[in-house]
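Chain by chain, the residues:
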Amino acid sequence: MQVMGKIVVVTGGANGIGRALCEAFHRAGAAKVIVADVDGAGARAVASSVDGAAFKCDVGQEKDIRHVIEETERQFGPIALFCSNAGIVGGFDPLSENAGGNSDEPWARSWAIHVMAHVYAARCLIPRMKARGEGYFLNTISAAGLLSQVGSPAYSTTKHAAVGFAENLAISHRAHGIRVSILCPQGVDTNMLRSIPKGPQSGDGDLSPEQVAKDALQGIEQETFLILPHPQVLGYMRNKTENYDRWIAGMAKIQAKMREDYGR
Ligand SMILES: NC(=O)c1ccc[n+]([C@@H]2O[C@H](COP(=O)([O-])OP(=O)(O)OC[C@H]3O[C@@H](n4cnc5c(N)ncnc54)[C@H](O)[C@@H]3O)[C@@H](O)[C@H]2O)c1
């Protein structure tokens, strides 16, 4: 799909990868870029730099997503591309004694933001896109949704669930002309990455959000389901499926080294 002349929504668009996506879509000639973020002031600042529009919204709340979609379509026209990009670190603890943690809070928040937000967007937009015979979802997930993020059980689990939902969305609605891409980078130099200690997610180098947005735009133009800004991830996926036990053992070594490093 070409974004030229299209209406595009980006959640988590006030910062990092989301902001870079808004800028890339604007440069590519989108008719209107809608910036939706829980950080209302940040969303307004990005929107004004791309001649777009802003909504303050918590993507974990279905009514907020519905409001963004209904108001965007009422004010500007049909949404061609909806980017569910907002995300949180959610319970990173390299020294954790128990992968289950000790509270539901990081699990519930990560589930709402990384999974249900994508479900709410689909629930509201699918009937509209089906009626139009076209539509596109770009869901920012992570290499953690394909592999795992050591020290972050809630993040890894909910990002895996997001991959599962995106696959099902793509399968269920291909016949309706609806396309889906998942954006799965490793480390990207944003506030989120800077908020956690340096770790294996940076092993192949951190990319700039601008580079990741460029890769996303190219993936959308080519209608590629899996967008991997770090191409090494494909090799890691192959290693994982080729010998799952060897892969778990390798990841456990990384976990042990991390415990040792942070335990000091
Ligand atoms: N930075 C990385 O290394 C990296 C790697 C892989 C995947 N990702 C994913 O990329 C996406 C963007 O992350 P980023 O690195 O740009 O982070 P970031 O912290 O720079 O930006 C995230 C944005 O999401 C917004 N947000 C958070 N919770 C929200 C909510 N409930 N409702 C609406 N907006 C909300 C924040 O206000 C912020 O503007 C996330 O889904 C993240 O998991 C990031």
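Keep in mind the model is a prediction, meaning the values are calculated, not measured.

Each value, and the rule that gives it
- Residues numbered from 1 in each chain as written.
- Predicted model: local features only at pLDDT ≥ 70, side-chain atom pairs only at ≥ 80, totals over all residues.
- Heavy atoms only, no water.
- Near = heavy atom within 4 Å.
- Polar contact = N/O pair within 3.5 Å; in protein donor to acceptor, adjacent residues only side chain to side chain.
- Areas by Shrake-Rupley, 256 points an atom, 1.4 Å probe, with all protein chains shown as cover.
- Helix = DSSP H or I, 4+ residues; strand = E, 2+ residues; numbered from the N terminus.
- Buried < 20%, exposed > 50% of the residue type's maximum accessible area, 1.4 Å probe, protein only.
- Pairing = 2+ DSSP bridges.
- Right-handed = clockwise from strand over helix to strand, strands pointing away.
- Core = buried A, V, L, I, M, F, W, Y, C linked by side-chain atoms within 4.5 Å.
- Contact = heavy atoms within 4.5 Å.

Q: Summarise the site of the ligand; cite the residues concerned and give the values.
A: Inspection of the region around the ligand gives 29 residues, with Asn15, Asp37, Tyr155, Val188 and Thr190 positioned closest. Within the backbone of Asn85, a nitrogen or oxygen atom sits 2.8 Å from an oxygen atom of the ligand. Here an oxygen atom of the ligand and a backbone polar atom of Val188 are 2.8 Å apart. Against a free-state accessible area of 830 Å², the protein chains account for coverage of 92% of the ligand. Elements represented by at least two residues in the shell around the ligand include exactly helix 1 (16–27), helix 5 (153–173) and helix 6 (191–194). For the shell around the ligand, the element with the most residues is helix 6, which contributes 3 residues.

Q: Can you break down the pairing of strand 4 (residues 79–84) residue by residue, with the values?
A: In terms of burial, strand 4 is a largely internal element, 6 of the 6 residues being buried. Judged from the 4 bridges that link them, strand 1 (residues 7–11) and strand 4 form a sheet pairing that is parallel. Following the sheet pairing, Val8 is matched in strand 4 by Leu81. As defined by bridge partners, strand 4 adjoins strand 5 (residues 135–140) across 4 bridges and the pair is classed as parallel. Paired with Ser84 across the bridge in strand 5 is Asn139.

Q: An account of the pairing of strand 6 (residues 178–183) is requested, with residue identities and associated values reported.
A: With respect to burial, strand 6 is a largely interior element, 5 of its 6 residues being buried. Bridging between strand 5 and strand 6 involves 6 bridges; their strand directions are parallel. Note on strand 6: the bridge partner recorded for Tyr136 is Arg179. Chirality of the crossover, the property in question, places the unit of strand 5, helix 5 and strand 6 among those that are right-handed.

Q: So, the nonpolar core: which residues are in play, and what are the values?
A: If you look at the biggest cluster of nonpolar residues, it comprises 49 residues, and the most contacted ones within it are Ile65, Phe82 and Phe137. Ignoring any residue separated from it by four or fewer positions in sequence, one finds Ile65 in contact with Val59, Phe82, Ala117, Tyr120 and Ala121. One finds Val8, Leu81, Leu183 and Val188 within the second-largest nonpolar core, a separate group that totals 31 residues.

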